[in-house]
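Here is what each chain is made of, one letter per residue.
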Amino acid sequence: MPFPKRRLMIPAVFIAALCGALTAVAAPAASAAPARPAAPASRSASKVQQSASQSYNGLALTPPMGWNDWYEYGCNVTQAEVLANARALVSSGLAKLGYKYVNLDDCWMAPTRAADGQLQADPTRFPNGIKWLAAQIHHMGLKLGLYESFGTRTCKGNPGSYGNYQQDADTFASWGVDFLKFDYCGPPSGLTSAEAEADYQQMSQDLIATGRHIVFSEELPIGADNANPANANYLPYVAFSSKIANMWRVAPDLTTSFDSTIFGHLANDLPLASYAHPGAWNDLDMLATGNTTFNWTVQQEETQMSIWAELASPLLDSSDLTSMTPATKQILGNKAAIAVDQDPLGRQGQLVSQQNGVDIVAKPLADGDVAVLLANTSSVPEHASTTAAAVGLGSAAAYTVSDLWAHTTRETAGTIAASVPAYSAMLFQVAPLRGAVDRYPPLTDIAVTPDVPALYTGSQFAVAAPGQTISVPATLSNDGRETVTDASLSLTGPAGWDTGAPVSARVIPGGKDLTGTWQVTVPPGTPAGTYTLTGTATYRWNAGRAGTSTGQGGFQVDVPPSGTPYLDQLSWLSETTSQGSGVIVDKNVYGGPLTIHGVTYAHGLWANSVATIYYYLGGNCTQFTASLGLDDSDEGTGAVVYEFYADGTQVYDSGVVTNSTPTVQASVNVTGAQVLELHVAEGNGTVNFGNADIASPQLTCAS
Ligand code: GLA
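Since the structure is predicted, the reported quantities are computational estimates derived from the model, not experimental observations.

A.B. asks: Looking at this structure, how should I read the site of the ligand?
C.D. replies: Around the ligand sit Trp70, Asp105, Asp106, Tyr147, Cys155, Lys156, Lys181, Asp183, Glu219, Arg249, Asp253 and Met286, and those are all the residues in its vicinity. Here an oxygen atom of the ligand and a side-chain polar atom of aspartate 183 are 2.9 Å apart. Burial of the ligand by the surrounding chains reaches 91%, relative to a free accessible area of 310 Å². Broken down by class, the residue content of the shell around the ligand amounts to 4 nonpolar, no polar and 8 charged.

A.B. asks: Any chance you could explain the environment of asparagine 684 here in plain terms?
C.D. replies: Within the fold, asparagine 684 resides in the loop between strand 35 (675–682) and strand 36 (691–701). Sequence spacing of asparagine 684 and methionine 65 is 619 residues, and the spatial spacing of their C-alpha atoms is 54 Å. Excluding its chain neighbours within four sequence positions, the residues that come into contact with asparagine 684 are Thr637, Gly638 and Ala639. Among the polar contacts made by the side chain of asparagine 684, one reaches the main-chain carbonyl oxygen of threonine 637 at a distance of 3.1 Å.

A.B. asks: Looking at this structure, how should I read unusual backbone geometry?
C.D. replies: Outside of glycine, negative phi angles account for most residues, and trans bonds account for most peptide bonds. For the bond running from serine 609 to valine 610, omega is -5°, close enough to zero to count as cis. By secondary structure assignment, the location of valine 610 is in the loop between strand 29 (604–608) and strand 30 (611–616). Its identity is not glycine, yet alanine 543 carries a phi of approximately 55°, on the positive side. Taking relative accessible area as the criterion, alanine 543 reaches 87% and is therefore assigned exposed. Its identity as a non-glycine residue notwithstanding, histidine 597 has a phi of 45°, on the positive side. Checked against the element boundaries, histidine 597 lands in the loop between strand 27 (594–596) and strand 28 (599–601).

A.B. asks: Explanation requested: the sheet that holds strand 4 (residues 179–183) in the structure shown.
C.D. replies: In spatial order, the strands read 7-6-5-4-3-2-1-8; together these 8 strands make up an open sheet with parallel pairing. Pairing within the sheet leaves two strands with one partner each, and these edge strands are strand 7 (281–283) and strand 8 (315–317). Looking at each pair of strands side by side, their axes are set apart by 25° on average, direction ignored. Bridge count for strand 5 (residues 215–218) against strand 6 (residues 247–249) is 2 bridges, and the pairing is parallel.

A.B. asks: Quick question: what am I supposed to make of the side chain of aspartate 283 here?
C.D. replies: Relative to the helices and strands, aspartate 283 resides in strand 7. Although buried, aspartate 283 forms no salt bridge, and the nearest oppositely charged side chain, arginine 249, lies 4.7 Å from it. Apart from residues no more than four positions distant in its own chain, aspartate 283 is found in contact with Ser217, Met247, Trp248, Arg249, Val250, Ala251, Ser313 and Pro314.

A.B. asks: What's the story with the pattern of salt bridges in this structure? I'm lost.
C.D. replies: When the charged atoms of two side chains with opposite charge come close together, those side chains can pair. Applying the stated criterion to the full structure yields 10 salt bridges. With a closest N to O distance of 3.3 Å, arginine 125 and aspartate 122 form a salt bridge. With respect to class, arginine 125 is no different from aspartate 122; both count as buried. The partner of glutamate 411 in a salt bridge is arginine 481, with the nearest N and O atoms 3.9 Å apart. One end of the pair, glutamate 411, is in strand 14 (residues 408–412); the other, arginine 481, is in the loop between strand 19 (469–478) and strand 20 (484–492), and 70 residues separate them in sequence. Taking the relative accessible area as the measure of exposure, arginine 481 reaches 40% and is therefore partly exposed. Linked through salt bridges whose partners overlap, the residues forming this network are Asp105, Lys181, Glu219, Arg249, Asp253 and Asp285.

A.B. asks: Can you walk me through the packing of helix 7 (residues 193–209) against helix 9 (residues 234–244) in this structure?
C.D. replies: Geometry of a packed helix pair, given as the angle between the helix axes and the separation of the axes. One can describe the packing of helix 7 onto helix 9 by two numbers: an axis separation of 10 Å at closest approach and a directional angle of 15°. The angle between helix 7 and helix 9 falls in the class roughly parallel. As for the relative orientation of helix 7 and helix 9, their crossing is right-handed in sense. Here Ser193, Ala196, Glu197, Tyr200, Gln201 and Ser204 of helix 7 come into contact with helix 9, specifically with Pro236, Tyr237, Phe240 and Ile244. Tallied by class, residues from the contact of helix 7 with helix 9 come to 6 nonpolar, 3 polar and 1 charged.

A.B. asks: How should I be thinking about the nonpolar core in this particular structure?
C.D. replies: What tends to happen in soluble globular proteins is that the nonpolar side chains get buried as a cluster. Ranked by size, the top nonpolar core spans 95 residues in total, and within it Trp108 and Ile307 carry the most contacts. Here this core takes 6 residues from helix 9, the largest share from any one element. If we ignore the near neighbours within four places in the chain, the residues touching tryptophan 108 are Leu119, Gln120, Ala121, Asp122, Phe126, Ile130, Leu146, Tyr147, Phe172 and Trp175. Counting 31 residues, the second-largest nonpolar core is a separate cluster that includes Ala611, Val640, Tyr642 and Leu676.

Reading the values: the criteria
- Residues numbered from 1 in each chain as written.
- Predicted model: local features only at pLDDT ≥ 70, side-chain atom pairs only at ≥ 80, totals over all residues.
- Heavy atoms only, no water.
- Near = heavy atom within 4 Å.
- Polar contact = N/O pair within 3.5 Å; in protein donor to acceptor, adjacent residues only side chain to side chain.
- Areas by Shrake-Rupley, 256 points an atom, 1.4 Å probe, with all protein chains shown as cover.
- Nonpolar A, V, L, I, M, F, W, Y, C, P; charged D, E, K, R; others polar.
- Helix = DSSP H or I, 4+ residues; strand = E, 2+ residues; numbered from the N terminus.
- Contact = heavy atoms within 4.5 Å.
- Buried < 20%, exposed > 50% of the residue type's maximum accessible area, 1.4 Å probe, protein only.
- Pairing = 2+ DSSP bridges.
- Axes fitted to C-alpha atoms, helices over the stretch in contact; angles between N-to-C directions.
- Lys, Arg positive; Asp, Glu negative; His and termini not counted.
- Salt bridge = Lys/Arg side-chain N within 4 Å of Asp/Glu carboxyl O.
- Parallel < 35°, antiparallel > 145°, perpendicular 65-115°, else oblique.
- Left-handed = near helix turned anticlockwise from the far one by under 90°.
- Core = buried A, V, L, I, M, F, W, Y, C linked by side-chain atoms within 4.5 Å.

Okay, here's the thing in structure tokens:
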């Protein structure tokens, strides 16, 4: 009987192991992470030596950089394409900046081993073999990486390494391979977590035993435990990997959906900072800069690079470098961002605080500076503010704040603040001021904070309706020590929005600000969506030099439903379920129609318990009706309770509904409510088989 409750994607062979005893793996000793030097230290030989001693194999003292074919070429990659990309690394100058590894991912090999058991290259796509290719790559001053899997098969079904570790390690060494990515595919059945660790450790040692310097990159934590810290083996796998590998994947393969993939990866990696050190790096997966399938914007690609650099992830780009655009070259070639990633101290950025959906992360650098990442994980621009002290800098009269993408440097008395666009990151390098205060313009920032009231007292949702007037304060702060003069602060909205006149101040001393509040009416007829307001300031500093600043804030506009819509025709405000499939619209979890006691419904929601779904009504509706029952597709022992709320007040309770309960007809008064909440609770203390349909869910609203 299918069991649509728990859809954790853990390989079955691991379920037993998850409950079993774990191999004890100590977290990295405190001494593994060198303390930030009290005073700016020079990048001395002794420091590098200290770092070298921390790498289990003496390699990858900074995160590996280079290219990987996978996201651009997949299983069709050819020798000619690899060589062309290698040449592009050199001719573009990226190789000189550190992009040295040319890595072949899955599918470089023939579908079978040779008669003597040796792995062999695909004869059509790599006719000259890997040894020849490695020589070509080395001749260009680059290094060659290969992919294999620890199991019996690679993820694409090619011969895995299981049972042949030493032979394969020797083969790789004899070919001149410099880097091995060791995936977690084709695990033999019944493998325990301890055995998986032993296998990885074996290959790690076998590579060392070859005598060749081969960087070891692996996927044990995500392959075996789904990159899910809630899974018992996940953190032990990360800790274990940090002892036997140079890098290990801590997040799933990238998807083309930028917001969820990049900020999901960031969330995965933030708690793992202590495992990273010279020779051992949390691997966020490849960069997709310039990749035509991902096709991210410049801002998105810069955001990925910023996060990867701050978290000291390897920088392995996967794109066709032979047709690299100037933008790709500029992003991959950003020396300041590369220097943050490659800093010899080898510390991964650590979370300082979270503010308005912005993660503030600090990475101490070898020279005493700190790289500060502001990563906005929310769908609207947000303002974030921290201080030099909070990010770990010692006391100083002033600091410089360098924006590593805008290539500007400003001076601050201590505040580090900026407005960060939605789903974007900014990367700054902050240092004690070394020079006269007026060498740099003062750091200024603008916070635009639309005051959209919660939909009802205590609601998590703040949504404006067309026609609503919103109060929008905006504040220009002078974070520098020097006075700015003749300041003017204006607010603009999307085209057609009336925002009103600027405010001004003759003088804003250091540490002071200028605030204005604008009454902004969302024009009637504005469609649902997220809207941005921009504050722009002009001022003078240092006896007449011109300065500017901008900052953005945003909010969501939603249109109240009208007429008699079914809920499947509306967008919800949010939904949560206790399982991976989420709320499903107009179908059951198996893809079939919603059916209760043989009656099929064209409109409806499938919401396995426990589930909560919120809809915006905007005070425009009077009634909600629905047919309730467990879906026929999964007749088990499930039991649920449907509870409905209008603006947080319960207005309906179905009582326990099981497969034998006749279809329940609910009719609820929602007059004047801003928000309808549909909650599906457990009816018998378990979520199993709680396959709840909310069929024909219909509102009656004013037109
Ligand atoms: C897995 C890895 C990817 C890539 C493919 C190759 O999905 O996570 O990075 O190596 O296998 O099949």
